[in-house]
Amino acid sequence: MSEYEMVEMRKKIGEILCELGEKDQRIYVLDSDLAKSTTSIQFKDKFPNRFIETGIAEASAMSIASGIASEGQIPFYVNFAMFVSGTAWTQLRQAAYANLNVKMIATHPGMDNGPDGASHHANEDIALVRSIPNVKVLIPSNIKELKEAIEIAIKYQGPVYIRCSRDVVPNVEFENKAEIGKATIVEDLGEEFALIYEGTAAAIAYKSFQELKDRGYKGKLINIFSIKPIDINLINNIASTVKGIVTIENHSVLGGLGGTIAEIVAQNPKHAKLAYVGVSDVFTESGKTSDVKAKYGLTVENIIKKVETVIK
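Just so we're clear, the structure is a prediction, and the values are computed from it rather than from any experiment. (Residues numbered from 1 in each chain as written. Predicted model: local features only at pLDDT ≥ 70, side-chain atom pairs only at ≥ 80, totals over all residues. Heavy atoms only, no water.)

### Details of the sheet that holds strand E7 (residues 160-164)
If you trace the 7 strands from one edge of the open sheet to the other, you get E3-E2-E4-E5-E7-E6-E12, paired in mixed fashion. Edge positions in the sheet fall to strand E3 (51-53) and strand E12 (226-228), since each has one partner strand and no second. Between one strand and the next, the sheet's axes are offset by a mean angle of 20°, whatever the strand orientation. Bridge count for strand E4 (residues 74-80) against strand E5 (residues 103-107) is 5 bridges, and the pairing is parallel. Across the sheet, the residue bridging to Val 78 is Ile 105, located in E5. In this fold helix H4 (residues 58-70) packs onto strand E2 (27-31), E3, E4 and E5, with an angle of close to 165° to the strand it touches most, E4. Here helix H8 (residues 143-155) sits on the sheet and contacts E2, E4, E5, strand E6 (136-138) and E7; the angle it forms with E7, its principal contact strand, is near 170°. (Pairing = 2+ DSSP bridges. Helix = DSSP H or I, 4+ residues; strand = E, 2+ residues; numbered from the N terminus. Axes fitted to C-alpha atoms, helices over the stretch in contact; angles between N-to-C directions. Contact = heavy atoms within 4.5 Å.)

So this is what it looks like as structure tokens:
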């Protein structure tokens, strides 16, 4: 696991949608003036009659997607996570209330859009979307999982939110096929600790696990592909066997991955000690993406410190 290719998943969105759109004529793609950044412009070039440009009218885009879904088609609204989950939240909630077959691909999540600052940092999107009934929330960690997430969204009848990184992630392919409600044990070396990460934080999770392994610690690395529904059985099993759990997320520690894990293990009479790595209750600043993430705690050193704290 120490050597792997680093990739930007969002660069594959257009290509994957084009491939699947060739096979399924029900697929439509909607954009809000960011098709080049999300790469959905490739779908526009190949299928112009099934591409809808709404301009910077995100709420209207979600409403149009709802209308398209009502007509039996499969709309994918592709935009930055901040605008899909935040600007269009009311319309998303209404679509979910009707259990409409609307699909969302949310790029540039968390602090991935470093230079644009707090107005574009979606550190609350997991919390916002997973609180809405009927919506499935998937977070791929590699290109294979991204394609599988989109394929799952096409087959599933109902709203699906896919959180797709803009920052680089390790392109490590898992043997198992991604499933709604299932997590993956990436490595299992022992019972001292478990690092549990959401897909967009895969890079720092892998680096930290490798460093912990080099220092002689023996633990587990867990990839959460599906955060709603989440793999409750796996989480409970891990929480009952390891000494400590550290969650890693490119998101606020309020209501995100850490909060989800806490909601599960808190129901058990005994469980591993839990610590969170993510953004505290603050608005993050503008800067180079790697620098911003480091400032707000997504570093190998911070993760190791948290692991050492929970296992002692």
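After presenting the structure, the write-up continues.
### Things to note about the confidence of the model for the protein
Parts of the model with low pLDDT should not have their predicted coordinates read in detail. Here the protein averages 97 in pLDDT, while 99% of its residues score no lower than 70. Least confident of the elements in the protein is strand E1 (residues 6-8), whose mean pLDDT is 96; most confident is E7, at 99. (pLDDT = per-residue confidence, 0-100.)

### Examining the pattern of salt bridges
Scanning the model with the defined rule gives 19 salt bridges in all. The shortest N-O distance in the salt bridge between Arg 166 and Glu 8 comes to 3.1 Å. Of this pair, Arg 166 sits in the loop between E7 and strand E8 (168-170) while Glu 8 sits in strand E1, and the two are 158 residues apart along the sequence. Classification of Glu 8 by relative accessible area gives buried; the value is 19%. If you follow the salt bridges from partner to partner, you end up with Glu 8, Arg 10, Lys 11 and Arg 166 in one network. (Salt bridge = Lys/Arg side-chain N within 4 Å of Asp/Glu carboxyl O. Buried < 20%, exposed > 50% of the residue type's maximum accessible area, 1.4 Å probe, protein only.)

### Observations regarding the sheet that holds strand E13 (residues 244-252)
Ordered in space as E9-E11-E10-E13-E14, the 5 strands form an open sheet in which the pairing is mixed. If you trace the sheet from one side to the other, it starts and ends with strand E9 (184-188) and strand E14 (273-279), each paired once. Between one strand axis and the next, the sheet turns through 20° on average, direction left out of account. In this structure, E13 lies alongside E14, joined through 6 bridges in parallel fashion.

### Observations regarding the nonpolar core
The biggest cluster of nonpolar side chains holds 60 residues, and the ones touching the most others in it are Leu 17, Phe 76, Ile 105, Ile 150, Leu 195, Tyr 197 and Ile 248. The element best represented in this core is H8, accounting for 7 residues. With residues up to four places along the chain from it excluded, the contact list for Leu 195 reads Ala 205, Ser 208, Phe 209, Leu 212, Lys 220, Leu 221, Ile 222, Val 246, Ile 248, Ile 303 and Val 307. Judged by nonpolar contacts, the second largest core, of 47 residues, contains Phe 80, Val 129, Ala 194 and Ala 239. (Core = buried A, V, L, I, M, F, W, Y, C linked by side-chain atoms within 4.5 Å.)

### Here's the deal with helix H10 (residues 232-241)
The periodicity of an α-helix, 3.6 residues per turn, causes residues three or four places apart in sequence to face the same way. Every buried residue of H10 is accounted for by Leu 234, Ile 235, Ile 238 and Ala 239. Taken around the axis of H10, the buried residues stretch over an arc of 130°, which confines them to a single face. Of the exposed residues in H10, those oriented more than 90 degrees away from the buried face are Asn 233 and Ser 240. Elements in contact with the buried residues of H10: E9, strand E10 (193-198), strand E11 (219-224), E13 and helix H11 (257-265). (Arc of directions from axis to C-beta.)

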